[in-house]
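# Summary of structural features
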Amino acid sequence: MTSDPLNRELRQMFVQELGERSSIIENLVLALEQADQPATSEELQRQLLKAVHSLKGAAGLMQVRPIESLCHAMEEMLSTALKENRTIDARKLDLFLAATDRFREVSGSLGEEVPETSVDDSELLEAMHRAALPGDGAWARTHRRSTRFRADDMDGSLRIAAERLDALLYRSGELLTFNHVLRRQLETALALREQASAVRAPPEHSGEIAAIQRGLRELVRSLRHSSRHIQRASTALDDEVREARTLPFSEACQGLNRIIRDVAGTSGKSAELEIDGGDIQIDRTILSSLRDVLRHLVRNAIDHGIEPPDERRKGGKSDAGKIRISAAVTGDRIRVRVEDDGRGFDLPGLRKAVDDGAGPDVLQQVFKPGFSTSKAVTRVSGRGLGLDIVKTAVENLRGAVEVLQVAGGGAAFILTIPLSVSTIRVLEVVCADHVFALDTASVRQVVSVDPAAVATSSAVETPEGAIPAVDLARWLGLGHAMAPLAMRAVVMDVAGRRIAVLVDRIEGERKLLIRKLSPRLAGFRQYSGAMNLPDGRIALLLNTAALVDVAPEPLSPEGPTGNGKSKSKPARVLIVDDSNAVRSLLRLITERAGYEVFVASNGAEALEQLALQPADIVVSDIDMPEMDGLQLVETLRRSDRFAGMPVILVTGRDFGDADGMIVAGGANACLRKDRFDAEEFLETMRRVV
């Protein structure tokens, strides 16, 4: 279906997802063990069923049959229990935990080859089938339920210094990092056990070798047990501390109505504020910085965007302008949009104010220090201050800011900021024998490139066109000992702009604790932080916004010849799936076929994406959180704007009773993940677009 290097990359993505979903499944099983109310048990079983089903779909698409088979057996037991309105018994829960252990063992062997079903897998599957038989699973729980106590202290609240919460969060992050070290030790012990089991000793030493083998088996069992408990304890601690640090997003919007009243009154204008997503919980450190950013943007909207009442009436608008601030969580990031219905940007005036002419990113010039198009200096604007402060503040939070001209008049600023201030999921890259980290939230794909070809064009060729390239070694002033024969390009999407970062090789992806930069490095904009790797090395976290700023300008549609002839624009595909591995696989296949791709993790997020950018076709999973694929299709078909949009469902469900729902939902086609074929998938896309 794909080349070997691509298969290896996809397996790495699946290994990451397998680890995450294994932890989710394990935590749900442990919570189900302690549940003491029927309603709680039922809800946990439903969550567990969804998690197992999602993993089964990803494993089927990646053709990892041992995982797919175990998930299918777990799915059958959970579905039966829910249909019969009963709770999974202790015996089945023990088998589920054994399955999560097996998931982790398989993830460690997903190297060059996809593992086949082993004897251990067959025995576990047989045990699951026996447990599913009537009467066999009726085990009484052998442990007493933990009684939960609540200590009331007046109103149940307690004041604690912010610095102490910071210290607790940092320590919980250290525990998570230490668990990575323990997992590596477990992997080493597993490898030693396999090596020892293959040793054939002379008869006089057979007893000694057998003792070593037993010792290694016991060590592996002990390490696995310790790793499970440390993972559970550290994750719970991290979640509790983070929850203690959070405040609702509405806190960042306090005082904005007063600013609108004062600034609008001074300028003879009127405006109303609308806030969506105010109940979203965010870290207090992020909220503190976000509060100042929102104040700058609201002042800017009133002074530059919202027109006086008489001008608005001439344009058919209401006397009072509207400023809308909306927040939404996407993955491990919060996306904040500040939009007004004013006059928007004066693009001719903006181009005239830009010294180097009208480039494709002319709107981004508003973030430059000292830049202003205001003809007069007022109390609010005209000094070139404000938007550069916004950009700096967002970058200090390891985020990015994008500015858009809103169709029909108005302007919008989109802030994308990490939810976590202590841990982050990164892609480890190596350049000139130094290791660096890139935030995976901005990473779209990794491709192999020829250094000589990039050197002549300063761009990386992809199916959707040339992407501006940044040579990381040259940017950081790191010389190669010799010219590399091959390089890797990490394609990133930052604030609406796509760039390719050239590195020597990729070392993997992991979640790590962020440390503050030392005073010696704090003044360098290239870096956002530092992190300790499990092997003791230090990796510097690269500032993606700074990378975008030094990237060459994208090529114009006319191309290098300037003859005015542009290629036809590729069809745009929205891929919707809650599995990162599935999204990545479908994206890579689709992009290599020449399509332009963007993604969403569920139906609700897909609708948000479609409201912001057009698509020619939607490829969606069925079973997803918040809004599933069938609900998404139904919503699209009821919409005047999207009613005719082609939709392909790619699902892990078995056909049968699902056929009627698919037809009723109005999808154009439906493909099975466990029988997935890339050529059939692409042919179906060509047929329905």
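For clarity, every value in this text was computed on a predicted model and none was experimentally measured.

### A short note on the pairing of strand 18 (residues 572–576)
- Here strand 18 lies mainly inside the structure; five of its five residues are buried.
- Burial along strand 18 is two-sided: the face carrying R572, L574 and V576 and the face carrying V573 and I575 are both buried.
- Two elements, strand 18 and strand 20 (residues 617–620), share four bridges in a ladder whose sense is parallel. Paired with I575 across the strands is V619, a residue of strand 20.

### Points about the packing of helix 8 (residues 256–267) against helix 9 (residues 284–305)
- At a minimum axis separation of 10 Å, helix 8 and helix 9 run at an interaxial angle of 30°. Relative to helix 9, helix 8 is oriented roughly parallel. As helix 8 runs across helix 9, the sense of the crossing is right-handed. In this structure, helix 8 contributes L256, I259, I260, V263, A264 and S267 to the contact, and helix 9 contributes L294, R295, V298, R299 and I302.
- When its residues are assigned to classes, the contact of helix 8 with helix 9 shows eight nonpolar, one polar and two charged.

### A short note on the nonpolar core
- One finds F14, F96, F103, M128 and F681 to be the most contacted residues of the largest nonpolar core, which totals 67 residues.
- Element by element, the count of residues in this core is highest for helix 2 (residues 38–62), at 10 residues.
- The contact partners of F103, leaving out residues within four places of it in the chain, are L18, S22, I25, L55, I67, L70, C71 and M74.
- Formed by 42 residues, the second largest nonpolar core is a distinct cluster that contains L290, I334, L363 and V401.

### A look at empty space enclosed by the protein
- In the structure shown here, the tally under the stated rule is one cavity of 30 Å³ or more.
- In this model, the largest cavity occupies a volume close to 40 Å³.
- Along the walls of the largest cavity sit L297, N300, A301, V338, E339, D340, A411 and F413, which together make up its complete lining.
- Looking at the lining of the largest cavity, the elements with two or more residues in it are helix 9, strand 5 (333–340) and strand 7 (411–418).

### A short note on the pattern of salt bridges
- Going through the model one piece at a time under the given rule, you end up with 32 salt bridges.
- For the salt bridge of D262 with R261, the shortest nitrogen-to-oxygen distance reads 3.1 Å.
- On the accessibility criterion, D262 (31% relative accessible area) is partly exposed.
- Using a relative accessible area of 59% as the deciding quantity, one classes R261 as exposed.
- With its nearest N and O atoms 3.4 Å apart, the salt bridge here joins E507 to R505.
- E507 gets classed as partly exposed once you look at its relative accessible area, which sits at 30%.
- Since its relative accessible area comes to 42%, R505 is described here as partly exposed.
- In this structure, a network of salt bridges that share partners links the residues E307, R312, K317 and D341.

Cut-offs applied
Residues numbered from 1 in each chain as written. Predicted model: local features only at pLDDT ≥ 70, side-chain atom pairs only at ≥ 80, totals over all residues. Heavy atoms only, no water. Buried < 20%, exposed > 50% of the residue type's maximum accessible area, 1.4 Å probe, protein only. Helix = DSSP H or I, 4+ residues; strand = E, 2+ residues; numbered from the N terminus. Pairing = 2+ DSSP bridges. Axes fitted to C-alpha atoms, helices over the stretch in contact; angles between N-to-C directions. Parallel < 35°, antiparallel > 145°, perpendicular 65-115°, else oblique. Left-handed = near helix turned anticlockwise from the far one by under 90°. Contact = heavy atoms within 4.5 Å. Nonpolar A, V, L, I, M, F, W, Y, C, P; charged D, E, K, R; others polar. Core = buried A, V, L, I, M, F, W, Y, C linked by side-chain atoms within 4.5 Å. 1 Å grid on protein atoms, 1.4 Å probe; cavity = no way out; pocket = protein on both sides within 12 Å on 5 of 7 lines; lining within 4 Å. Points joined across faces, edges and corners; volume = space filled by probe spheres on them. Salt bridge = Lys/Arg side-chain N within 4 Å of Asp/Glu carboxyl O.

On their own, these measurements won't tell you what the molecule is for.
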